[in-house]
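Reading the structure
One-letter residues, chain by chain:
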Amino acid sequence: MTTQDELRLGVIGLGRAFTLMLPTFVGHPKLRLVAASDPRKDAVSRFAAEFQAKGYDTPENLCADPDVQAVYVASPHQFHLEHVRLAAAHGKHILVEKPMALSVDACLAMIAAARNARVQLLVGHSHSYDLPYLRTRDMIVSGRYGRVRMINALNFTDFLYRPRRPEELDTQQGGGVVFSQAAHQIDVVRLLATSKAATVRAFTGNWDARRPTEGAYNAQMSFDDGTFASLTYSGYAHFDTDEFNGWRGELGQARDPDAYGRARMALKQAQSAADEIDIKNRRAYGPVGTDGFRIDPDMTHNHFGLVIVSCEHADLRPTPRGIIVYADENRWIEPIEQPRVPRAEVVDELYDAVFNGKPPLHSGAWGLATLEACLGILDSAGSGATVSLMHQV
Ligand SMILES: NC(=O)c1ccc[n+]([C@@H]2O[C@H](COP(=O)([O-])OP(=O)(O)OC[C@H]3O[C@@H](n4cnc5c(N)ncnc54)[C@H](O)[C@@H]3O)[C@@H](O)[C@H]2O)c1
């Protein structure tokens, strides 16, 4: 591959999301990191030195760099609209983190900006890029197991007790598990349903006054073809659904079943919001000397908890190592090759869109549909009504 065939990526926001994508960006042979901007100057300096890349003081200056072909918007949710508009205005292709934005109007504005600029807009990473879910969808589409009737998705984590910025604990500013985690779970369920979502009815839990936002939800979704789904998430969990995935974590990493309660214990060190930001930033890409990245040779695929798709002739259970098929008379696993680059699917889809003009699955319209369903969870939990969805694809 010549350097001309590499996708030259600029990054806005070197925080936690970027650190999770870093092994992907470094390991993927078709991508090169060429620039970054972040208000944290020490992180930008380290990035420039580590990747022989350019560091910028503002997203505007990064977007104006002619060497940047595509921009990864990994700033906090509330900046996604502004940063997508900037990138589009400079003719850059865009990968914007989930949730795409905080309102339907903001998503529509982002889609319009990309369309007018004739650039590709993808939303992600979300776990619906994970190969086990994509393969499960292929198996469903093959028709071999009959049509999908019901989907159950369950995820129990310590999400709410990981270190957070104050706005991540304020629903009005996009805080809580509905914006951050339903964006993954709804994406996975929509991918596997293979029909357009129609309605959502939900309950949410806001149970810890010290962390005053939604930490849990249960949602029922219906789809145009009669499929129905149940989505449950707890970010307050003591139980951990990684137990149902062979003690593999969300990133495909090995988990120690005896490392119980670590997030809650670590959070006790924070005496103030400033302390908590400090602890969060230590998990981000920081100054030289802080955590680096590594590609774990033992990793499996990413996952998002327990997912069971009930088809007419089999239940399908995607796992980090393959898809377990529970058919009428037999049970077996359709193995999936171990990933060489974690989350390679994200770069593959972005690359295909930019270089081969292949319409992305995780387009702006896709991200809008998921965000609309997230907002539907909040609306339904508040009003007690079933919410009809109008922007589904
Ligand atoms: N897909 C995933 O697995 C995943 C994981 C974590 C976060 N996310 C998403 O990524 C986004 C960022 O979340 P995070 O947890 O990384 O937050 P974070 O606070 O760790 O990182 C945000 C980074 O953006 C920087 N920033 C703030 N304002 C900026 C600006 N105006 N211009 C440029 N950079 C700016 C901050 O300094 C920080 O480095 C959120 O939308 C979140 O939902 C996705």
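Residues numbered from 1 in each chain as written. Predicted model: local features only at pLDDT ≥ 70, side-chain atom pairs only at ≥ 80, totals over all residues. Heavy atoms only, no water.

Here's the deal with the domain arrangement of the protein
- As assigned here, the protein comprises domain 1 (3-126 + 343-363) and domain 2 (128-340 + 374-388).
- Contacts between domain 1 and domain 2 engage 37 residues on the former and 34 residues on the latter.
- Together domain 1 and domain 2 conceal approximately 2900 Å² of surface at their shared face, both sides included; 60% is due to carbon and sulfur atoms.
- Viewed at the interface, domain 2 and domain 1 are joined by zero salt bridges.
- Among the elements of the structure, helix H1 (16-27), helix H2 (41-51), strand E6 (121-123) and helix H10 (344-356) are those that each provide at least two residues to the side of domain 1 that touches domain 2.
- Element by element, the count of residues in the side of domain 1 that touches domain 2 is highest for H1, at eight residues.
- Across the side of domain 1 that touches domain 2, the residue classes break down as 18 nonpolar, ten polar and nine charged. (Domains from an automatic or database assignment. Contact = heavy atoms within 4.5 Å. Buried area = accessible area lost by both parts, 1.4 Å probe. Salt bridge = Lys/Arg side-chain N within 4 Å of Asp/Glu carboxyl O. Helix = DSSP H or I, 4+ residues; strand = E, 2+ residues; numbered from the N terminus. Nonpolar A, V, L, I, M, F, W, Y, C, P; charged D, E, K, R; others polar.)

Some thoughts on the sheet that holds strand E3 (residues 54-56)
- Taken together, six strands build an open sheet; the order of strands is E3-E2-E1-E4-E5-E6 and the sheet is parallel. Among the strands making up the open sheet, the edge pair consists of E3 and E6. Averaged over all pairs of adjacent strands, the angle between strand axes in this sheet comes to 25°, irrespective of strand direction.
- As defined by bridge partners, strand E1 (residues 7-12) adjoins strand E4 (residues 70-73) across four bridges and the pair is classed as parallel. Each residue of the ladder has a partner; that of Ile12, found in E4, is Val73. (Pairing = 2+ DSSP bridges. Axes fitted to C-alpha atoms, helices over the stretch in contact; angles between N-to-C directions.)

With respect to the packing of helix H6 (residues 131-141) against helix H7 (residues 177-193)
- Packing of H6 against H7 brings their axes to within 8 Å, and their N-to-C directions diverge by 20°. One element, H6, and the other, H7, form an angle in the roughly parallel class. Considering how the two elements wind past one another, H6 and H7 form a crossing that is right-handed. Judged by residue contacts, Tyr133, Leu134, Thr136, Arg137 and Ile140 of H6 engage Val188, Arg190, Leu191 and Leu192 from H7.
- Here the contact of H6 with H7 is composed, by residue class, of six nonpolar, one polar and two charged. (Parallel < 35°, antiparallel > 145°, perpendicular 65-115°, else oblique. Left-handed = near helix turned anticlockwise from the far one by under 90°.)

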